[in-house]
Amino acid sequence: MTNATVSEVPSVLDPEPSARREVPSYDVERIRKDFPILARDVRGRRLVYLDNAATTQKPQAVIDRIIQYYTQENSNVHRGVHYLSELATIQYENARGTVQRFIHARDIKEVIFTRGTTESINLVAQSWGRANVGEGDEILITAIEHHSNIVPWQMLCAEKKATLRIAPVNDAGELIVEELVRMLHPRVKLVALNHASNALGTINPVKRIVAAAHANGSLVLIDGAQGVPHTTVDVQDLGCDFYAFSSHKVYGPTGVGVLYGREALLDEMPPWQGGGDMILSVSYEKTTYNALPYKFEAGTPNIEGVVAFAAALDYVKGLGLEAIAAHEHDLLLYATARLEEIQGLRIIGRAAEKAAVISFVLEGVHPHDIGTILDQEGVAIRTGHHCAQPLMMRFNVPATGRASFGLYNTRAEADALVGALHKVIEVFR
Amino acid sequence: MSDLRELYQQVILDHNKNPRNFHEMPDATNRVDGYNPLCGDHYTIFLKLEDGTIRELSFTGSGCAISKASASVMSATLKGKSKEEAERLFDTFHGLVTGDSSGLSAAELGRLAAFSGVSEFPARVKCATLAWHTLKSALDGKDEKVSTE
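The rules behind each value
Residues numbered from 1 in each chain as written. Chains lettered and ligands numbered in written order. Predicted model: local features only at pLDDT ≥ 70, side-chain atom pairs only at ≥ 80, totals over all residues. Helix = DSSP H or I, 4+ residues; strand = E, 2+ residues; numbered from the N terminus. Buried ≥ 20, exposed ≤ 12 C-beta atoms within 10 Å, placed from the backbone. Rg over C-alpha atoms; globule rule 2.2 N^0.38 Å. Contact = placed C-beta atoms within 7 Å. Nonpolar A, V, L, I, M, F, W, Y, C, P; charged D, E, K, R; others polar. Pairing = 2+ DSSP bridges. Axes fitted to C-alpha atoms, helices over the stretch in contact; angles between N-to-C directions. pLDDT = per-residue confidence, 0-100. Domains from an automatic or database assignment. Arc of directions from axis to C-beta. Core = buried A, V, L, I, M, F, W, Y, C linked by C-beta atoms within 7 Å. Expected span 1.5 Å × (residues − 1). Parallel < 35°, antiparallel > 145°, perpendicular 65-115°, else oblique. Left-handed = near helix turned anticlockwise from the far one by under 90°.

## A few points about the overall build of chain B
Across its full length, chain B carries six helices and four strands. Counted from the first residue to the last, chain B has its helices and strands arranged as α-α-β-β-β-α-α-α-α-β. Within the span of chain B, comprising 149 residues, buried residues form 42% of the whole.

Now the structure itself:
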């Protein structure tokens, strides 16, 4: 738990029967009307979309923003002197401002647009990492990372003869913070961990870890792919050095992400990709690189994606981040309680601080079979290893089913999930 | 529910629960691992090949009902078959689960017919064919890992 917004809502272990209380003043039925896809049928049934940790659906405001861009504003940015180019540039840079305010970055220069969380992490590994990590150094990650916060560091460590260390988790799926702190020593150059786990929902105490890492002289990168959709993020309050996240997990388009970095660090880092936009002047003898943030944005960016991403952030801000968090927490408690009624169902990941993500296994039925049968009932969940194979090994399961809730989900949809799981049991028993 | 019953036919549920030839084979002549990284299904196929004939066939591993039943039915079907017959059945089975079953007779299919429902579930074709792809590699005498991705 990293900030007041979420810590005010009761934890999963709260003995109070708050699971039976609806959250007032959050009109989920009205909100659902903003998402046209939620009205469609799949396989003859109304869609129940519970795969929000994979990607979220998009509100009409985001869809409209893309249409508006291509019908009224389309041009390349930072290039032309003509009207449309200026307009596109203004919209693109305004979006950067929207992101800056959303994550409370100190300066607009600290917001770099990328293709997504994965590219943001790779940028840090390739640019900062190659310049600052050497033989014998260590990168410290945790046992609940997904592949995109494992593999870039493995690649860096292999190249630099550095070592990747893994801080363990307990059986509830919570990071053992004392162990992580014990593993901090002077050779640890960077701690990279997620804000919230996509596979188990665990919310990490990132602020505490940042403080411990900084006391040790280590930098901290937070993989916020699941943090931004579920909590209020204040990068200055967290004190992190890098924060990476994706647009599409927070109701914006795919193909857009953000790397936040502290200005002093970004300034020192060498450019990663070369090309247009990231240069000031080019001759065959010498190229002068552009200033932040453009130094890290080579080539024509995903302009319509960026402006529609800003529309998504405006949309969720309009609903209220605290209200969304409270609604999702209600769904987490309610769905957890309903799922626990199913005999033979075991929830993997019982962290006290959890985002609305529930991983589970059903005795005698492989998750892949669960996924197929649920799909026939119109219920979309993720089944598999959730791009977190080492984590699956830690919990001794080949895969899990995962229901992940978003701002538009309802208790009735949690009920539909439970009903469909009874169908699974019917087929297999 | 009808499509589901087509997919999860009794034969499949039975072989999933009680897989046949589900054990290691220390004296196997060929042994290959098969892996589907998408869902984590993972099997090892053991073969005892003598003079181009499959004398013994067993498997170990874990995965979904479709993949496990497929490995089990395959092991029961191919015991005693020649390499050529096994390869022909591979093609037959592949046609069946991808919806190209034209010209296949019930006699040819035998127990394999239980997998006809898979063709309605394109996402599950790889589950049904994992063991077969692994077998094919074992028959060819390869011993590297097979992946369906």
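Having seen the structure, we can now continue with the description.
## Let's talk about the overall build of chain A
The number of helices and strands found in chain A is 15 helices and 17 strands. The C-alpha radius of gyration of chain A comes to 22 Å, within 12% of the 22 Å expected for a compact globule of 429 residues. A buried classification covers 50% of the 429 residues belonging to chain A. Here the contacts in chain A between residues at least 6 apart in sequence split such that 71% fall between residues at least 24 apart.

## Things to note about the interface of chain B and chain A
Of the residues lining the interface, 14 residues belong to chain B; the matching set on chain A comes to 12 residues. Each residue belonging to the side of chain B that touches chain A can be placed in one class, and the counts come to nine nonpolar, three polar and two charged.

## Side note on the sheet that holds strand β6 (residues 163–167) of chain A
Residues and elements named next belong to chain A. Taken in spatial order, the seven strands line up as β4-β10-β9-β8-β7-β5-β6 in an open sheet, and their pairing is mixed. With partners counted over all chains shown, the strands left at the sheet margins are β4 (111–114) and β6, one partner each. Within this sheet the neighbouring strands show an average axis-to-axis angle of 20°, counted without direction. Two strands pair when backbone bridges link them, and strand β5 (residues 138–142) and β6 are joined in this way by five bridges, in the parallel orientation. Looking across to β6, one finds that Leu-140 is bridged to Arg-165.

## With respect to the confidence of the model for chain A
Across chain A, pLDDT averages 92, with 94% of residues at or above 70. pLDDT under 50 marks residues 1–23 of chain A. Its contacts with residues more than four places away, or in other chains, come to 41 contacts.

## Re the domain arrangement of chain A
Many descriptions give the size of an interface as the accessible area lost when the pieces come together. Residues and elements named next belong to chain A. According to the domain assignment, chain A consists of domain 1 (4–59 + 320–428) and domain 2 (62–317). Computed over C-alpha atoms only, the centres of domain 1 and domain 2 are separated by 27 Å. If you look at the interface, domain 1 gives 30 residues, while domain 2 gives 30 residues. Those elements that provide at least two residues to the side of domain 1 that touches domain 2 are α1 (4–7), α12 (321–340), β14 (357–362) and α14 (389–394). Tallying contributions element by element places α12 first for the side of domain 1 that touches domain 2, with four residues. For the side of domain 1 that touches domain 2, a count of residues per class yields 17 nonpolar, six polar and seven charged.

## Brief notes about the confidence of the model for chain B
Residue and element names in this part refer to chain B. Per-residue pLDDT for chain B averages 88, and the proportion of residues at 70 or more is 90%. Within chain B, the element-level pLDDT minimum falls on strand β4 (residues 146–147), averaging 63, and the maximum on helix α3 (residues 65–78), averaging 96. Two numbers describe this predicted complex: its pTM, 0.89, and its ipTM, 0.86.

## A few points about helix α6 (residues 151–160) of chain A
Residues and elements named next belong to chain A. Those residues of α6 lying buried are Pro-152, Trp-153 and Leu-156. The buried residues of α6 occupy an angular sector of 95° when projected down its axis, which confines them to one face. Those residues of α6 that are buried lie in contact with α5 (117–132), β5, β6 and β7 (188–194). In the stretch just after α6, Lys-161 is the one whose phi turns positive, near 55°.

## Some words on the nonpolar core
Ranked by size, the top nonpolar core spans 161 residues in total, and within it Ala312(A) and Ala335(A) carry the most contacts. Both domains that furnish three or more residues to this core are identified here as domain 1 (4–59 + 320–428) and domain 2 (62–317) of chain A.

## Focus: helix α15 (residues 411–428) of chain A
Structural remark: α-helix, 3.6 residues per turn; residues separated by three or four positions point the same way. Residue and element names in this part refer to chain A. Compared with the 26 Å implied by 1.5 Å per residue over 18 residues, the 26 Å span of α15 between its first and last C-alpha is a close match. Of all the positions in α15, only Glu-413, Ala-414, Leu-417, Ala-420, Leu-421, Val-424 and Phe-428 are classed as buried. Along the long axis of α15, the arc covered by the buried residues comes to 120°, so they all point the same way. Exposed and facing more than 90 degrees away from the buried side of α15 are Ala-412, His-422 and Glu-426.

## Side note on the packing of α5(A) against α6(A)
All names here are of chain A. The interhelical angle for the contact between α5 and α6, taken along N-to-C directions, is 20°, at an axis separation of 9 Å. Judged by the angle between their axes, α5 and α6 are roughly parallel. Handedness of the α5/α6 crossing: right-handed. Here Ile-121, Asn-122, Ala-125, Gly-129 and Arg-130 of α5 come into contact with α6, specifically with Pro-152, Trp-153, Met-155 and Leu-156.

## Quick notes on the packing of helix α11 (residues 303–319) of chain A against α12(A)
Residues and elements named next belong to chain A. It is the contact of α11 with α12, at a shortest axis distance of 5 Å, that shows an interaxial angle of 75°. With respect to their mutual orientation, α11 and α12 come out roughly perpendicular. Side by side, α11 and α12 meet where Val-316, Lys-317 and Leu-319 of the first sit next to Leu-321, Ala-323 and Ile-324 of the second. By residue class, the composition of the contact of α11 with α12 is five nonpolar, no polar and one charged.

## Considering the pairing of β4(A)
All names here are of chain A. Covered by surrounding structure in β4 are Val-111 and Phe-113 together with Ile-112 and Thr-114, the residues of both alternating faces. Across four bridges, β4 lies against strand β10 (residues 257–261) in antiparallel orientation. From the neighbouring strand, Thr-114 faces β10, where its bridge partner is Gly-257.

## Some details on the environment of Thr117(A)
Residue and element names in this part refer to chain A. Counting through the fold element by element, Thr-117 comes out in helix α5. By the C-beta count within 10 Å, which is 27 here, Thr-117 ends up buried. A sequence separation of 72 residues divides Thr-117 from Lys-189, and the C-alpha atoms of the two residues are 21 Å apart. Apart from residues no more than four positions distant in its own chain, Thr-117 is found in contact with Ser-148, Asp-223, Ala-225, Ala-244, Phe-245, Ser-246 and Gly-257.

## Some details on unusual backbone geometry
All names here are of chain A. That bond from Leu-292 to Pro-293 is cis: its omega, -5°, falls within 30 degrees of zero. One can find Pro-293 in the loop between β12 (287–289) and α11. For His-78, which is not glycine, the phi dihedral falls at a positive 55°. The topology assignment puts His-78 in the loop between α3 (60–73) and α4 (83–103). Owing to 16 C-beta atoms within 10 Å, His-78 belongs among the partly exposed residues under this scheme.

## So, the environment of Leu50(A)
Within the secondary structure, Leu50(A) sits in the loop between β3 (48–49) and α3. Along the chain, Leu50(A) and Leu391(A) lie 341 residues apart, while their C-alpha atoms are 21 Å from each other.

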